[in-house]
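Residue-level structure breakdown
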Amino acid sequence: MLIKARHDSWVAITADGKQIVQDTLAAPAEQSIEARDQIVIKTGNVGALEISFNGKKLVSQGGYNQVKTLTFDPNGLRP
């Protein structure tokens, strides 16, 4: 998984239960995450993030300054 910040966004990311990052992802920073079972992304600005899962760019997951938690399993984004 790859997360690119188009604008600054606070994120807390866990992969397989381990905290990877909890900080502001300052544009144009990128964060690469690998996990076997689960990735959870909590963000305070989901519209500022460009998220790719297994090489496929996802549509925007919300608006700017929207707080959201996204959970991914091996098949992708869970509803």
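Check the entry above for the structure.
Model, not experiment: these values are computed from the prediction. (Residues numbered from 1 in each chain as written. Predicted model: local features only at pLDDT ≥ 70, side-chain atom pairs only at ≥ 80, totals over all residues. Heavy atoms only, no water.)

**Some points on the sheet that holds strand 8 (residues 68–73)**
We apply this condition: Two strands qualify as a pair provided that DSSP identifies no fewer than 2 bridges between them. A helix here means a DSSP run of H or I that spans at least four residues, while a strand means a run of E at least two residues long, and both kinds are numbered starting from the N terminus.
Strand order in the open sheet formed by five strands is 3-2-5-8-9, with antiparallel pairing between adjacent strands. Each edge of the open sheet is held by one strand with a lone partner, namely strand 3 (18–25) and strand 9 (76–77). Sheet topology places strand 8 next to strand 9; two bridges connect them, and they run antiparallel. Each bridged residue has a counterpart across the sheet, and for Phe72 the counterpart in strand 9 is Leu77.

**A closer look at the pattern of salt bridges**
Stated formally: For salt bridges, the criterion is a side-chain nitrogen of Lys or Arg within 4 Å of an Asp or Glu carboxyl oxygen. Burial classification: accessible surface area is computed with a 1.4 Å probe over protein chains only, and a residue below 20% of its type maximum counts as buried, one above 50% as exposed, and the rest as partly exposed.
Under the counting rule described, the total for this entry stands at three salt bridges. Between Glu50 and Arg6 there is a salt bridge whose closest N-O contact spans 3.8 Å. On the criterion of sequence distance, the pair formed by Glu50 in strand 6 (residues 49–53) and Arg6 in the loop between strand 1 (2–5) and strand 2 (9–15) is long-range, its members being 44 residues apart. Its relative accessible area of 18% is what places Glu50 among the buried residues. One salt bridge connects Lys57 with Glu50, and the closest N-O pair in it is separated by 3.7 Å. Since its relative accessible area comes to 56%, Lys57 is described here as exposed. Bridged by salt links that share partners, the residues Arg6, Glu50 and Lys57 form one connected network.

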